[in-house]
Amino acid sequence: MSYRIGLVGKPSVGKSTFFNAATMNDVPEGAYPFTTIDPTVGEAYVRVDCAAPEFDETCTPSVGVCREGTRFVPVKLVDVAGLVPGAHEGRGLGNQFLTDLNETDVLIHVVDFSGKTDIEGEATEGHDPREDIDFLEEELDAWYLDVLEKGLEKFETRYHGADAAIEEELADQMSAFGIDKDRMKRTILAQDLELDPETWEETDRIELAREIRKRTKPMVIAANKMDTPEAQANWEEITTDPDYDRLSFMPASAHAEKALKNADEGGVVDYTPGESDFEVVGDVSGEQKAGLDQIGEFVEEYEGTGVQGALEAAVFDVLGCIAVFPGSANGSKDEKGVFRDCFILPEGSTTEDFAYHIHSDIGEGLLHGTDCRSGRQVGTDRELSHRDVIELVSTKQAAP
């Protein structure tokens, strides 16, 4: 299973350019609403330091690639269309937008930090990007509140005066958001609410819906078009605004990332995605050199184009995921190759979770694991760390 990152943003902010830069897919780009009508799913990658060099091995990835000790592990990137004010009421492509959005684990909100597109995605000057950040959260909060209210109505109808668990009813109503009754109960209690909706005020319901949204649809703000002076000025103002301390920001230029990847494919530059520099290795015209020099200044100042950084911030920082390598007793090989796999797992995953992630048969027969760096046996309930190399010892093998 690959994690699914939802790419969202109002029309004309460079969202499709970001998607193309991250996946090198060819989806339409244009400065008009709904360039992307249907959700487009592509394969992007997050970087992990490969474990193979620690075992004097050269890896043979089954998926993705490894470049100079950096493993590129695939994730799914979903370019979701239809975000406009009123989407939760079905405006624009709102209903489809919300359905597609719900299939994702984490969001990257692409925002035009240059302020040159208004809330509808039309060309303008001096637009405050904070309005875009706010309106996405407001749309999602309204959507969550609507679903929450339906759950409360059902609870009152079914269990009026009866002894029933509100967390079960709400978890059932909101199960599409990936929340179960235990998580729902923790969220309710974290808001200092009683497990009795009759004691809740309207503001309590609004705040609860917002908190459920934050926990089930966390996001990164990709501050796009940061290669413009207007965006840089907005960056300084917004990232120092205490009202936005709750969010993760990544300065980005999707245009620069796509230009570098195209140049790398064309043999003009040697560029590894996510790096803060590149080398010109082919013949370029004076105009091309000037453009590459400008991109070079940007990636040096901001330590990359931000496209790769946003993907990794979403997976590793916001979701808190870890990467784990399966290994054998000597730490490296299995019958199919050398360090061929690297899996992205949820935060807090155990040896047993890792076994079931690979295959249910291995999980069912799991005896213990072996930490391939230390050679020590680890229990099935041992919580794994980022970049662990674990051999799984099981009475069962995965079905072919």
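Reading guide: rules and limits
- What you see as residue numbers is a count from 1 along each chain, following the sequence as written.
- Confidence filtering applies because this is a predicted model: local features only for residues at pLDDT of at least 70, side-chain atom pairs given and counted only at 80 or more, and all residues used for totals across whole chains, interfaces and linings.
- Hydrogens are left out, water is left out, and the side-chain values use all remaining heavy atoms of the structure.
- Here, a salt bridge means any Lys or Arg side-chain nitrogen found within 4 Å of an Asp or Glu carboxyl oxygen.
- For the purposes of this entry, the term helix denotes a DSSP run of H or I that reaches at least four residues, the term strand denotes a run of E that reaches at least two, and both are numbered from the N terminus.
- Note on exposure labels: buried denotes an accessible area under 20% of the residue type's maximum, exposed denotes more than 50%, and partly exposed covers the range between, all computed with a 1.4 Å probe on protein chains only.
- Aromatic rings from Phe, Tyr and Trp, with only the six-membered ring used for Trp, were paired whenever their centres fell within 6.5 Å, and each pair was classed as stacked if the ring planes differed by under 30 degrees, edge-to-face if by over 60, and tilted otherwise.
- Contact between two residues is taken to exist if any of their heavy atoms lie within 4.5 Å; hydrogens are not considered.
- The set of buried Ala, Val, Leu, Ile, Met, Phe, Trp, Tyr and Cys residues whose side-chain atoms join them within 4.5 Å is what this entry labels a nonpolar core.
- Strands pair, by our definition, only if DSSP identifies at least two bridges between them.
- Between N-to-C directions, angles span 0 to 180 degrees; the directions come from axes that are lines fitted to C-alpha atoms, helices contributing only their stretch in contact.
- Roughly parallel refers to an angle under 35 degrees, roughly antiparallel to one over 145, roughly perpendicular to one between 65 and 115, and oblique to any angle outside these ranges.
- The sense of a crossing depends on the near helix, which, turned anticlockwise from the far helix by less than a right angle, makes the crossing left-handed and, turned clockwise, makes it right-handed.
- For this classification, Asp, Glu, Lys and Arg are treated as charged, while Ala, Val, Leu, Ile, Met, Phe, Trp, Tyr, Cys and Pro are nonpolar and the rest, including Gly, are polar.
- Like charges within 9 Å and nonpolar side chains (Val, Leu, Ile, Met, Phe, Trp, Tyr) within 5 Å are joined into patches, using only residues over 30% in relative accessible area that form no salt bridge.
- The Shrake-Rupley method, run with a 1.4 Å probe sphere, supplies the accessible areas, and residue values consider only the shown protein chains as cover.
- When charges are counted, Lys and Arg are positive and Asp and Glu negative, with His and the chain ends excluded.
- The atoms used to mark charge sites are NZ of Lys, CZ of Arg, CG of Asp and CD of Glu.

S.K.: Tell me about the pattern of salt bridges, residues and numbers included.
M.R.: Any two side chains of opposite charge can pair, so long as their charged atoms come close to each other. One pass over the full model with this rule turns up 28 salt bridges. Arg 387 is paired through a salt bridge with Glu 54; the nearest N and O atoms lie 2.6 Å apart. In this pair, Arg 387 sits in the loop between strand 15 (376-378) and strand 16 (388-394) while Glu 54 sits in the loop between strand 2 (40-49) and strand 3 (65-67), placing the two residues 333 residues apart along the sequence. Residues Glu 207 and Arg 210 are paired through a salt bridge, measuring 2.6 Å at the closest nitrogen-oxygen approach. Taken together, the residues Glu 207 and Arg 210, both in helix 6 (residues 202-216) and three residues apart, mark about one turn of the helix. Salt bridges sharing partners connect three or more residues here, namely Glu 137, Asp 141, Glu 207, Arg 210, Arg 213 and Arg 246.

S.K.: If you had to explain helix 1 (residues 15-23) to someone new, which residues and values would you point to?
M.R.: By the criterion of burial, helix 1 is predominantly enclosed, with nine of the nine residues buried. Listed as buried for helix 1 are Lys 15, Ser 16, Thr 17, Phe 18, Phe 19, Asn 20, Ala 21, Ala 22 and Thr 23. Following helix 1 by one or two positions, Met 24 has its phi on the positive side, about 55°.

S.K.: A description of the packing of aromatic side chains should follow, citing residues and the corresponding values.
M.R.: Overall, the coordinates contain ten aromatic pairs when judged by the stated rule. Ring geometry for Phe 113 against Trp 235: centres 6.2 Å apart, planes inclined by 55°, an arrangement best described as tilted. Of the two residues, Phe 113 sits in the loop between strand 5 (106-112) and helix 3 (129-159) while Trp 235 sits in helix 7 (residues 229-238), which places them 122 residues apart along the sequence. Taken individually, Phe 113 and Trp 235 each receive the classification buried, so the pair is uniform in this respect.

S.K.: Provide a residue-level description of the environment of Pro 61, including the pertinent values.
M.R.: You can see Pro 61 is positioned in the loop between strand 2 and strand 3. Considered as a pair, Pro 61 and Arg 71 are ten residues apart in the sequence and their alpha carbons are 8.5 Å apart. Not counting the four nearest positions on each side in its chain, Pro 61 is found in contact with Cys 66, Arg 71, Phe 339 and Arg 340.

S.K.: Quick rundown of the nonpolar core? Include the residues and the values.
M.R.: In this structure, Phe 113, Met 174 and Phe 249 are the most contacted members of the largest nonpolar core, which totals 55 residues. Among the elements that make up this core, the one with the highest residue count is helix 3 (eleven residues). Once you skip the residues sitting within four places of it in the chain, Met 174 turns out to touch Tyr 144, Val 147, Leu 148, Ile 179, Met 184 and Ile 212. Core analysis: the second largest hydrophobic core is formed by 40 residues, Cys 50, Ala 310, Ala 314 and Cys 372 among them.

S.K.: Requested: an account of the pairing of strand 4 (residues 70-79), with residues and values cited.
M.R.: Counting buried residues in strand 4 gives nine out of ten residues, a clear majority hidden from the surface. Summarising the sheet, strand 1 (residues 4-8) and strand 4 pair through four bridges and their orientation is parallel. Note on strand 4: the bridge partner recorded for Leu 7 is Asp 79. Sheet topology note: the strand 3/strand 4 ladder contains three bridges and is antiparallel. Within the sheet, the bridge partner assigned to Val 65 lies in strand 4 and is Phe 72. Hairpin connection, strand 3 to strand 4: the antiparallel pair is bridged by two residues, and Glu 68 has positive phi, about 50°.

S.K.: Give a detailed account of the sheet that holds strand 15, specifying residues and quantitative values.
M.R.: If you trace the five strands from one edge of the open sheet to the other, you get 13-10-16-14-15, paired in mixed fashion. Two strands lie at the open edges of the sheet, namely strand 13 (343-345) and strand 15, each paired on one side alone. Averaged over all pairs of adjacent strands, the angle between strand axes in this sheet comes to 40°, irrespective of strand direction. As paired elements, strand 10 (residues 322-326) and strand 13 share three bridges and run antiparallel to each other. The residue bridging Ile 322 from the neighbouring strand is Leu 345, located in strand 13.

S.K.: I'd like to hear about the packing of helix 8 (residues 254-265) against helix 9 (residues 286-302), residue by residue, with values.
M.R.: Packing of helix 8 against helix 9 brings their axes to within 11 Å, and their N-to-C directions diverge by 120°. When the axis of helix 8 is compared with that of helix 9, the two are oblique. Of the two elements, helix 8 crosses helix 9, and the hand of that crossing is left-handed. Contact residues: helix 8 offers Ala 256, Ala 259 and Leu 260, while helix 9 offers Leu 292, Ile 295 and Val 299. For the contact of helix 8 with helix 9, the residue count by class is six nonpolar, no polar and no charged.

S.K.: So what's going on with a negative patch on the surface? Which residues, and what values?
M.R.: A grouping of Glu 153, Glu 156, Glu 194, Asp 196 and Glu 198 is seen on the molecular surface, where their side chains present a negatively charged patch. Its location among the elements puts Glu 194 in the loop between helix 5 (181-190) and helix 6.

S.K.: I'd like a description of the packing of helix 5 against helix 6, backed by residues and values.
M.R.: In the contact formed by helix 5 and helix 6, the axes pass within 10 Å of each other and the chain directions differ by 130°. In terms of their interaxial angle, helix 5 and helix 6 are classed as oblique. Along this stretch, helix 5 crosses helix 6, giving a crossing that reads as right-handed. Judged by residue contacts, Arg 183, Met 184, Arg 186, Thr 187, Ile 188 and Ala 190 of helix 5 engage Leu 208, Glu 211, Ile 212, Arg 215 and Thr 216 from helix 6. Counted by class, the contact of helix 5 with helix 6 contains five nonpolar, two polar and four charged residues.

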